[in-house]
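Topology and contacts: notes
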Amino acid sequence: RGSARGPVHGREMTSPRRALFAPLVYAWLILVLVPFLLAAPTLLGWAAVREEADLLFVKEDVWVVGSMTALLLIIPLAGRLRLAPTLPSMVSVWTLAALVFAISAAGVGLVFGGFALSRDEDMANFGADILRHGELWAPVAPGWRTFTAGLEPEFVRFSFGSEFWQPAYLPVNAALRALAGPAASLINPALAAGSVLAAYAIGRRLWPERADLAVVAALFVALSSQVLAAAMTPYAMTAHMAFNLAWLWLHLRGGKAGHAGALAIGFLATGLHQLVFHPMFAAPFVAQLWLDRRWRIAAVYTLAYAAICLFWLELSPLALAWQGGSLGHATAGVTGLGGQVSALIGARHPPALRSMAENLLRFFSWQGLLAAPLAAIGAFFAVRTPGPLRSMVGGLALTTAALFVLMPYQGYGWGYRYWHGLIGPIALLAAFGWRRLTEFLTTADRVWASRAFAAAAAISALVLIPIRLVQAHDLVAPYAAGWRAVEAAPTPLVIVDPTGAWYLDDLVRNDPYLTNRPRILRAGGLRRDQLEALCRGYPVSVLDAAGAARFGVRVLPGWQRDLGLTRWRTLGLAPTCGQARTPIFRIGAPSYQGASR
C-alpha cells in the first residue's frame, strides 16, 4: 500500500501505520467531542448539578476522558516496544474468563463491601426473598399496611389496600438470585465470565478465518470496567449482556435447535427486569428476517415475541389474583402499558439531551482504551455491509432512541448501565473495526499493530480498570457505612430523613415479610399522626443528613450545617418521642439527646 514515509515522534512510520492510527484518533475525538459539547453546561457551571450523575461527570468522567485521549495519542510508540506480537490463543480466552469471574467475585466484598447500593439492586434481593417463599407477591403485615409509603419509597407495586407488595420489575433476575441461594453473589460474576466466552464463540462464527478477531471481541468484554463493576452488584444488566450474547449465538447458529434456543433465551431476557431492553436488541434481527423474505421464521419470531411480551405484562396481575389480591382501580398488564409509558415520559428530566450526552461519555470512558473508537469504525462499515453486524448497529440505535424518549437519566450506574446489554455487540463491532484497519497491513505492520494493541490492553487492565474500581468503592463506602450503622441501631425502629443528602432514602430497605430488625421507614412517606403513633409505640432512631455526612455521604450545597431532625421540625413535633419524652437516638451522633432548635 505504498512506502511513503513521514516523521512521527522523531521516527518514520509507513503510511499503512498512519492509516491505522489516524482513524482511531479521529473516531475517538468525534465520539467524545460531540457529547462533551452537549454536556458542557454542567461542566462549566452554566447548568446546575442536579443529580449524582452530573457530579460524577464533572468529578470523574471528564478527566478520565482527557487521560484516555492523551494515552491514545502515544499508543503508536508502543509499536517500538518488544511486547507480545500475537493475540492470545483459545486457552488464554478461558483464562481470561476465569480472571473476570475471580475479579468480579472478589470485588463483591473488596469494592462494594457486600452492599447493594441502589434501589434497583435492593429490589433484586427483595424479589428473590419473595420467590424463595414460592410467591410473586408478599403479604404485608396488617399492622403496617398504612405505613407502606414509608416502608418502601419507590420501585414497589402495591395491591389494593396495600395487602400485598412486590418489586415493580419483572422477576427473572430475582429468580436467578433466588435459585442461587447463598451463592447469589456469584451469579453475575459467572454471567460476566460466560459473556467473555460467548463473545469469542460469536466472533469465531462471524470470522472463522480470523481467530484473532474473536479474541479481540472477548478482550473488549473483559477489559470493560463497566462489565467488571456491574458483575460485582445485583444489577440485572450483567444478565442482559449474557442473555443477549447467548441469544445472538443461537440465532446465528440457526436451524430448528438454534432458533428454538434463541426464543427460549429471549423469553428469559425479556423478563429480566424491564420489558424494553431485550426486544429492542432483537427487533433489528427479526426485521432482517422479513427483509430477507424468510417469511416462516420471521413470522415465528414475531408471534413468539408478541406472546412473550403479553405473558410478562399479564403475569403480575394474574399472580396477584391467584393469591387473593386485587389491583383495584390501578392499571396493569397490557391495559396499563400506555399509562406506564406516559409516566416515564412525564417523569423525564427536562435536559434529556444533556443527560444522554453525559451517559455516552460515561460509557466510553468505562470501556477499554480502544473499544469505543474501534466500535465506531466497525459500526461505520457495518451499516454498509449486509449481515448480523448491521443488525447490531440497528439494535444499538433503536435502544438509544427508546432510552432518549423514555429514560434519558440513569441515576446510579457504573458506566452507562442502560447500554450494558449491548456491550457484547459493541465488542464485536470493535473487533470488526480492527479487522477493517488491519486487513491490508503487511506482516511487519501487523506485528507493530499487535504490539500497539497489547499496550492498549495493558493500559486498560492496569490503569483504567483500577481507577474506575477505586471510584466505585469510594462512592459506595459511605452508604455501606451508613447502612451498617442503621442495622446496628439500638432501637426497633429507624426513620431515615433524606432531606439535604444525596440518595439517603436508598437506605430505606426492608425484608418483604418485615422480619428485619430494626424496621426502617422514610420520614417523607409518613404523616404527622403516623410519626406520633410510631413514637408512642417504639423507641426511635433517626438517620438524617447531618448524621449521614459523618459517614461521608455527600450533602447538598447549603445543607452542611447540623440540620437537627428536619422532618420533626417541619411538622412541628417535639424533639423527643412519645408521651414518655424518650430521647430520639441520632445515628451518626450517639451522644445526641434531642433535636436542634
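Residues numbered from 1 in each chain as written. Predicted model: local features only at pLDDT ≥ 70, side-chain atom pairs only at ≥ 80, totals over all residues. Heavy atoms only, no water.

Looking only at helices and strands, one finds 22 helices and 11 strands in the protein. By sequence separation, contacts in the protein at least 24 residues apart represent 79% of the contacts at least 6 residues apart. Within the structure as shown, the protein displays about 24,400 Å² of accessible surface, and the carbon and sulfur contribution to it stands at 65%. (Helix = DSSP H or I, 4+ residues; strand = E, 2+ residues; numbered from the N terminus. Contact = heavy atoms within 4.5 Å. Areas by Shrake-Rupley, 256 points an atom, 1.4 Å probe, with all protein chains shown as cover.)

Our focus in this paragraph is the environment of Leu176. Note that Leu176 resides in helix α6 (residues 172–180). Spatially, the C-alpha atom of Leu176 lies 9.9 Å from that of Leu131, the residues being 45 residues apart in sequence. With residues up to four places along the chain from it excluded, the contact list for Leu176 reads Ile187, Leu191, Ala239, Phe243 and Leu272.

A word on the nonpolar core. With 153 residues, the main nonpolar core has Val196, Phe220, Trp247, Tyr301, Trp414 and Trp419 as its most contacted residues. By residue number, the principal contributor to this core is helix α19 (residues 443–487), which donates 18 residues. Beyond its immediate chain neighbours, meaning those up to four positions away, Trp419 contacts Leu360, Phe363, Phe364, Leu396, Thr400, Leu403 and Ile426. (Core = buried A, V, L, I, M, F, W, Y, C linked by side-chain atoms within 4.5 Å. Buried < 20%, exposed > 50% of the residue type's maximum accessible area, 1.4 Å probe, protein only.)

To continue, consider the pairing of strand β8 (residues 540–543). Neither face of β8 is open: one carries Val540 and Val542, the other Ser541 and Leu543, and all of them are buried. Both strand β6 (residues 493–496) and β8 contribute to a ladder of four bridges, which runs parallel. In the strand pairing of β8, Val496 is matched with Leu543. The pairing of β8 with strand β11 (residues 585–586) spans two bridges and is parallel. Bridging from a neighbouring strand, Val542 pairs with Arg586 of β11. (Pairing = 2+ DSSP bridges.)

A word on the sheet that holds strand β3 (residues 138–139). The strand order across the open sheet formed by three strands is β3-β5-β4, and the pairing between neighbours is antiparallel. Taken across any chain shown, the strands that pair with only one partner, and hence form the sheet edges, are β3 and β4 (156–158). Sheet topology places β3 next to strand β5 (residues 164–167); two bridges connect them, and they run antiparallel. Each bridged residue has a counterpart across the sheet, and for Ala138 the counterpart in β5 is Trp165. Its contacts with the sheet place helix α4 (residues 119–132) against β3, β4 and β5, and it is angled at close to 130° to β5. (Axes fitted to C-alpha atoms, helices over the stretch in contact; angles between N-to-C directions.)

The next subject is the confidence of the model for the protein. Of the residues in the protein, 83% reach a pLDDT of 70 or more, and the chain-wide mean stands at 86. Mean pLDDT across the elements of the protein ranges from a minimum in strand β1 (residues 5–8), with 40, to a maximum in helix α10 (residues 237–253), with 98. Scored below 50 in pLDDT, residues 1–12 makes 21 contacts in the model with residues more than four places away or belonging to other chains. (pLDDT = per-residue confidence, 0-100.)

Moving on, we get to unusual backbone geometry. Between Arg517 and Pro518 the backbone carries a cis peptide bond, its omega angle lying at 0°. Among the structural elements, Pro518 can be located in the loop between β6 and β7 (519–522). Notably, Phe155 is not glycine yet its phi reads approximately 65°, a positive angle. Here Phe155 falls in the partly exposed class, since its relative accessible area comes to 33%. Even without being glycine, Tyr503 reaches a positive phi, approximately 55°.

Its location among the elements puts Val405 in helix α17 (residues 388–406). Owing to a relative accessible area of 39%, Val405 belongs among the partly exposed residues under this scheme. In the structure, Val405 is positioned 53 residues away from Ala352 in sequence and 8.3 Å away in space, judged by C-alpha atoms.

Turning next to the packing of helix α12 (residues 277–291) against helix α13 (residues 295–322). Closest axis-to-axis distance for the α12/α13 pair is 8 Å, and the angle between their directions is 155°. Between α12 and α13, the interaxial angle falls into the category roughly antiparallel. Two packed elements cross with a definite hand, and for α12 against α13 that hand is left-handed. Taken together, the residues of α13 that come into contact with α12 (itself represented by His278, Pro279, Ala282, Val286, Leu289 and Trp290) are Trp295, Ile297, Ala298, Ala299, Tyr301, Thr302, Tyr305 and Cys309. Classifying every residue of the contact of α12 with α13 gives 12 nonpolar, two polar and no charged. (Parallel < 35°, antiparallel > 145°, perpendicular 65-115°, else oblique. Left-handed = near helix turned anticlockwise from the far one by under 90°. Nonpolar A, V, L, I, M, F, W, Y, C, P; charged D, E, K, R; others polar.)

Attention now moves to the pairing of β5. Pairing of β4 with β5 involves three bridges; the strand directions are antiparallel. Paired with Val156 across the bridge in β5 is Pro167. Here β4 hands over to β5 after five residues, with Gly161 in that stretch at a positive phi of 80°.

Take the pattern of salt bridges next. Per the stated rule, a full pass over the model turns up 15 salt bridges. Arg436 serves as the salt-bridge partner of Glu439, at 3.1 Å between the closest nitrogen and oxygen. The class for Glu439 is partly exposed, based on a relative accessible area of 25%. In this structure, Arg522 engages Asp505 in a salt bridge whose closest nitrogen and oxygen atoms are separated by 3.5 Å. Taken together, the residues Arg522 in strand β7 and Asp505 in the loop between β6 and β7 connect sequence positions 17 residues apart. Overall, Arg522 belongs to the partly exposed group, its relative accessible area being 24%. Accessibility expressed as a relative area gives 16% for Asp505, which makes it buried. Bridged by salt links that share partners, the residues Glu60, Asp61, Arg362 and Arg468 form one connected network. (Salt bridge = Lys/Arg side-chain N within 4 Å of Asp/Glu carboxyl O.)

In this section: the sheet that holds β11. Pairing between the strands of a sheet comes from backbone hydrogen bonds, and it takes one of two forms, parallel or antiparallel. One open sheet accounts for four strands, arranged β7-β6-β8-β11; its pairing is parallel. The open sheet is flanked by β7 and β11, the only strands paired with a single partner. In the sheet, β6 pairs with β7 via four bridges, with the strands oriented parallel. Looking at the pairing, Val496 lines up with Arg522 of β7.

Next up on the list: the packing of aromatic side chains. Evaluation of the coordinates by the stated rule reveals 25 aromatic pairs. Between Arg436 and the ring centre of Phe381, over which it is positioned, the NZ or CZ distance is 4.0 Å. Seen from the ring of Trp483, Arg509 lies directly overhead, with NZ or CZ sitting 5.5 Å from the centre. (Phe/Tyr/Trp six-rings, centres within 6.5 Å; stacked < 30°, edge-to-face > 60°. Lys NZ or Arg CZ within 6 Å of the ring centre and 35° of its normal.)

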